[in-house]
Amino acid sequence: LTAKDIIKGGQQIRTQLVICNTATSDGGQTLLNYYTSHQARGQLPRRSDMPCRELLGIMPDLFMLEPVDAAGDDWRFRLVGQRLVEQVGVDATGLCISQAYEGADAERNAGDYRDVAMNGNTRITCGTFHGIDREFLQMEIVHVPMIGANGETPWVLGGLFIQRAPCST
């Protein structure tokens, strides 16, 4: 499904997630290590530096979100990696979370993204999708702050990593 199909069909995503203490997937650990190496230099990852060699192996699992408004009440998917599109069955590129997710999930996600982008916190969650016939997928999602395309606006760099077994919390 493309972003246009989702809007036209009225199909929205729900997630059932729990916050995790650490990333258990190789991809999640790679993304956190990438972020930590930037943080150690007093920098944030930048959109202008993507794609990059350090993340080459997980680029198909990554997504980027930019705030639609200054308050961070809605966020737009600027990039959705090809493996995510294939595994999840939805290409949300260009959609706002208010269009892609059901209301309560969109609000919760907006709060999480504000915390990541504007407060500089990382967030790791584990769980499942609902509403798009992908309930069987166990996933780990890692969110880290980054600097957006304009070189100033805080964005979210995320990775969604499909797990074979439920994540540990």
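Residues numbered from 1 in each chain as written. Predicted model: local features only at pLDDT ≥ 70, side-chain atom pairs only at ≥ 80, totals over all residues. Heavy atoms only, no water.

Participant: Quick question: what am I supposed to make of the packing of aromatic side chains here?
Facilitator: Remark: the centre distance and the inter-plane angle together describe each pair of aromatic rings, the angle taken between the planes. Scanning all chains against the criterion turns up two aromatic pairs. Seen from their ring centres, Trp75 and Tyr113 are 5.8 Å apart, and the 75° between their planes marks the pair as edge-to-face. Of this pair, Trp75 sits in strand β3 (residues 75-80) while Tyr113 sits in helix α5 (residues 103-119), placing them 38 residues apart in sequence. Classification of Trp75 by relative accessible area gives buried; the value is 0%. (Phe/Tyr/Trp six-rings, centres within 6.5 Å; stacked < 30°, edge-to-face > 60°. Helix = DSSP H or I, 4+ residues; strand = E, 2+ residues; numbered from the N terminus. Buried < 20%, exposed > 50% of the residue type's maximum accessible area, 1.4 Å probe, protein only.)

Participant: Just checking my understanding: could you explain the side chain of Asp61 for this structure?
Facilitator: Tracing the sequence through the fold places Asp61 in the loop between α2 (26-40) and β2 (62-67). Classification of Asp61 by relative accessible area gives buried; the value is 8%. Reaching out from Asp61, the side chain makes a polar contact with the side chain of Arg83 at a distance of 2.7 Å. Excluding anything up to four places from it in sequence, Asp61 contacts Arg83, Leu84, Gly158, Gly159, Leu160 and Phe161. (Polar contact = N/O pair within 3.5 Å; in protein donor to acceptor, adjacent residues only side chain to side chain. Contact = heavy atoms within 4.5 Å.)

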